[in-house]
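Okay, here's what each chain looks like letter by letter:
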Amino acid sequence: MYGANPICVGNLWCWEGTVPQDNLLFAVFEISQTDVWAAGVAGTILHFDGTRWSAVPSPVEVDLYGLWASSATDVWAVGDLGYILHFDGTAWTVVTSSPAGFVLKAVWGTSATDVWAGGQRLQHWDGQSWSSVSPTVYPGGLQWIYGIWGSGANDVYFVGASASGPGDMSVPGASVLHWNGSSWTMVGTPTGQMNFIWGTGPNDVWVSGKTVWHFDGTQWSQRATATGPIWGAAPGDAWVLGAGNYNGTATGPGIIGSQTHITGSGVLTTSSGINWGINAIAGVGSDAWAVGGGGEMRHFDGQSWQSHTRRLFDASSEYSPAALFQIHGTSSTDLWAVGDGAIAHWDGSAWSKYPVCAQEKWQGVFSPAPNDVWIVGGQKLLHGDGTRWWIADSPTPLHQLDGIWGSGPNDLWAVAENNYGMPGPDGALLRSDGANWWVAFDSVNPLTAVTGTGANDVWISAGNRMGHWNGTTYQETPLSEPIVYINAAWARATDDVWAMGTNGWAHWDGVTWQVTKESLLDLHGVWGSSDSDVWAVGGPQMRHWDGSSWISQSRATDGYSIFGTSATDIWMTGGGAILRYRAH
């Protein structure tokens, strides 16, 4: 199941744990049943041709929140930093962005020469250029625009929220703005924040926020208590799918994962069977698509909604599946990935969930040989032989275990941090002969990662220091310039060791540590196949070392750990995602 027809970014990194992909999606627009667009986090742009979804090269890595098209050769997308993108039938390009960095949440139009984009600002496209528009409405009008829809150029609605100050987007008051082609008015009702809008004509307009309102051409009426994007196949018939909270939408019991159907007969709310927030719906006729957290894609065939996303792990929130923190294995047909209550195994053809006897936030995994795997997390040391699992006695029951590595089955090392306020050292370095574990050394610093080249060359990240075991003694040494927190380390040789942190990285050449500082960095994983082929990942960062410099790479998703068995067999985990490098 997992790995069939994977979506790849730049033909390099492909999703393997979630099909079609795992990135959070904010927008969708259907031109026809064989021409559907979706967009989301980090510039993600996807296209459906009637058979399968595929990734499309994006010119940006900012989050994209809105999509609209007048035709297959005239598609618009908007997002963070005021970016407005256009697809001409061949490629996506940047049309404009905002030096002030304001956000655009929605885009909609009536033709190729009449398009609106809204968010913290309101913009209009006349077929030649985008210009700013300042609606002449009373003070306290909409400060955020979340949705746009109209029945024509002279009947356009904008929904959103008022704001009394930074971060406050829910001031009670009118939340629907109307343009009649010559003047602006604030619609008296609905009130309160509204996030989504859809309609079939001037006498059938629907908006939703914490409640759902309907306009019949004469008056507005409240129809349901539901929140989420709204869409329907016919006048007077609307679906509301439980929303995520990326734009301040209210969340709570029965909202995430709910679906509400409103007809002339009444209102029926049921569970969708998934724990994913839906951020957008769009359709043509009785065919529609909805997208949301964890790469969720749902399709409406005129009768019911069905998920088209298959996952290795269930949801841990409305945004993503269980977080995966580490990956390791012995070969291209024997890999383990672990995370928040999750353990999975790759046998060369598919990933499968692995049931275990204990639930934990598993932080590290190391497999010294086939059918021999160690996993650490919380206060647990878990050992498996490919058939069964058992918990080994931990010599540090009050410490949180973060990482594990070994030079072989009979020489294992584990690191621990945080003794939960109990007296004594904060960190501990554990060692095992494959049968028993003991504390090798205590540290005043939290120990978070361990790597090495052999039993007499073991490296440990210790806060803003690096520790080393040379076979006889253990010593922690400050770097020439402190890195705030070292999250990951990887050793290829005694004179080639990398340490990655929150504001820089360091390299050991056999004599000294060379430190490079960089702000807004949070690297959590590092691995390489040679001294000129090293990968580092963390959050929005993906870097590749070619032997002389680190080069930023187009990222598929937020990365957390990385491991490979060769230069052409590399795996990365991030959030709930498992990705594979397919440059060959």
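Residues numbered from 1 in each chain as written. Predicted model: local features only at pLDDT ≥ 70, side-chain atom pairs only at ≥ 80, totals over all residues. Heavy atoms only, no water.

### Observations regarding the sheet that holds strand β47 (residues 465-469)
Here is step 1: Ordered by their spatial adjacency, four strands build an open sheet running β45-β46-β47-β48, and the pairing between neighbours is antiparallel. Each end of this open sheet is capped by a strand with a single partner; those strands are β45 (447-454) and β48 (474-478). Mean inter-strand twist for the sheet, computed between neighbouring axes without regard to direction, equals 20°.
Here is step 2: In this structure, β45 lies alongside strand β46 (residues 457-462), joined through six bridges in antiparallel fashion. Across the sheet, Ala449 pairs through a bridge with Ser461, a residue of β46. (Pairing = 2+ DSSP bridges. Helix = DSSP H or I, 4+ residues; strand = E, 2+ residues; numbered from the N terminus. Axes fitted to C-alpha atoms, helices over the stretch in contact; angles between N-to-C directions.)

### Description of the sheet that holds strand β49 (residues 486-493)
Here is step 1: With antiparallel pairing, the four strands of this open sheet are ordered in space as β49-β50-β51-β52. Every other strand in the sheet has two partners, leaving β49 and β52 (513-517) as the edge strands with one partner each. Between one strand axis and the next, the sheet turns by 15° as a mean value, whatever way the strands run.
Here is step 2: Two strands pair when backbone bridges link them, and strand β50 (residues 496-501) and strand β51 (residues 504-508) are joined in this way by four bridges, in the antiparallel orientation. Residue pairing for β51: Val497 is matched across the bridge by Trp508.

### Here we look at the packing of aromatic side chains
Here is step 1: In this structure the tally under the stated criterion is 48 aromatic pairs.
Here is step 2: Between Phe300 and Trp305, the aromatic rings sit 5.0 Å apart at their centres with planes inclined by 40°, giving tilted as the arrangement. Across the pair, exposure class does not vary: Phe300 and Trp305 are buried alike.
Here is step 3: Through successive ring pairs, a cluster of aromatic residues spans Trp116, Phe158, Trp179 and Trp184.
Here is step 4: Positioned above the aromatic ring of Tyr65, the side-chain terminus of Lys105 is 3.9 Å from the ring centre. (Phe/Tyr/Trp six-rings, centres within 6.5 Å; stacked < 30°, edge-to-face > 60°. Buried < 20%, exposed > 50% of the residue type's maximum accessible area, 1.4 Å probe, protein only. Lys NZ or Arg CZ within 6 Å of the ring centre and 35° of its normal.)

### Quick notes on the state of the cysteines
Here is step 1: In this structure the tally under the stated criterion is one disulfide.
Here is step 2: Here Cys8 is linked by a disulfide to Cys14, with a sulfur-sulfur distance of 1.9 Å. Residues Cys8 and Cys14 share a disulfide whose torsion about the S-S bond is about 105°; that sign makes it right-handed.
Here is step 3: The exposure class assigned to Cys8 is partly exposed, which follows from its relative accessible area of 22%. (Disulfide = S-S within 2.5 Å.)

### As for the side chain of Ser175
Here is step 1: With respect to the helices and strands, Ser175 occurs in strand β18 (residues 174-179).
Here is step 2: Here Ser175 falls in the buried class, since its relative accessible area comes to 1%.
Here is step 3: From its side chain, Ser175 meets the backbone oxygen of Gly192 in a polar contact 2.5 Å long.
Here is step 4: Those residues in contact with Ser175 that sit more than four places away from it in its chain are Leu142, Phe158, Val159, Gly160, Met186, Pro190, Thr191, Gly192, Gln193 and Met194. (Polar contact = N/O pair within 3.5 Å; in protein donor to acceptor, adjacent residues only side chain to side chain. Contact = heavy atoms within 4.5 Å.)

### Regarding unusual backbone geometry
Here is step 1: Omega for the bond connecting Val19 with Pro20 falls within 30 degrees of zero, at 10°, which places this linkage in the cis form.
Here is step 2: Secondary-structure assignment places Pro20 in the loop between β3 (18-19) and β4 (25-32).
Here is step 3: Despite not being glycine, Leu81 shows a phi value in the positive range, around 60°.

### Description of the pairing of β46
Here is step 1: The buried fraction of β46 is high, at six of six residues.
Here is step 2: Residue alternation in β46 divides its side chains into two sets, Asp457, Trp459 and Ser461 and Val458, Ile460 and Ala462, and both sets are buried.
Here is step 3: Taken together, β45 and the strand that follows it, β46, pair antiparallel across an intervening segment of two residues.
Here is step 4: Where β46 lies against β47, five bridges are found, and the strand directions are antiparallel. Looking at the pairing, Ala462 lines up with Arg465 of β47.

### Notes on the confidence of the model for the protein chain
Here is step 1: Summarising the model, the protein chain shows a mean pLDDT of 88, and 90% of its residues fall at 70 or more.
Here is step 2: This model gives residues 165-170 a pLDDT under 50, and the stretch forms 10 contacts once residues within four places in sequence are excluded.
Here is step 3: Here residues 245-254 is modelled with pLDDT under 50, and outside its nearest four sequence neighbours on either side it reaches 26 contacts, counting other chains as well. (pLDDT = per-residue confidence, 0-100.)

### Re the side chain of Asp114
Here is step 1: Take Asp114: it is sitting in strand β13 (residues 114-119).
Here is step 2: Buried Asp114, no salt bridge; nearest opposite-charge side chain is Arg121, N-O distance 19 Å.
Here is step 3: There is a polar contact of 2.6 Å between the side chain of Asp114 and the side chain of Thr110.
Here is step 4: For Asp114, the contacting residues outside a window of four places in its chain are Gly109, His124, Trp125 and Ala153. (Lys, Arg positive; Asp, Glu negative; His and termini not counted. Salt bridge = Lys/Arg side-chain N within 4 Å of Asp/Glu carboxyl O.)

### Some thoughts on the pattern of salt bridges
Here is step 1: Under the criterion given, the structure shown has eight salt bridges.
Here is step 2: Residues joined in a network through salt bridges with shared partners are Glu296, Arg298 and Arg311.

### Quick look at the environment of Trp15
Here is step 1: On the secondary structure map, Trp15 appears in strand β2 (residues 13-15).
Here is step 2: Sequence-wise, Trp15 and Thr573 are 558 residues apart; in three dimensions their C-alpha atoms are separated by 9.8 Å.
Here is step 3: The residues contacting Trp15, other than those within four sequence positions of it, are Pro6, Ile7, Val9, Pro20, Gln21, Asp22, Asn23, Ala556, Thr557, Ala577, Ile578 and Leu579.

### Regarding the environment of Ile404
Here is step 1: By secondary structure assignment, the location of Ile404 is in strand β41 (residues 400-408).
Here is step 2: For Ile404, a relative accessible area of 7% puts it in the buried group.
Here is step 3: Remark: the alpha-carbon pair of Ile404 and Ser132, spanning 272 residues in sequence, is separated by 55 Å.
Here is step 4: Beyond its immediate stretch of four places on either side in the chain, Ile404 contacts Gly364, Val365, Phe366, Trp374, Val376, Trp413, Ala414, Trp437 and Val450.

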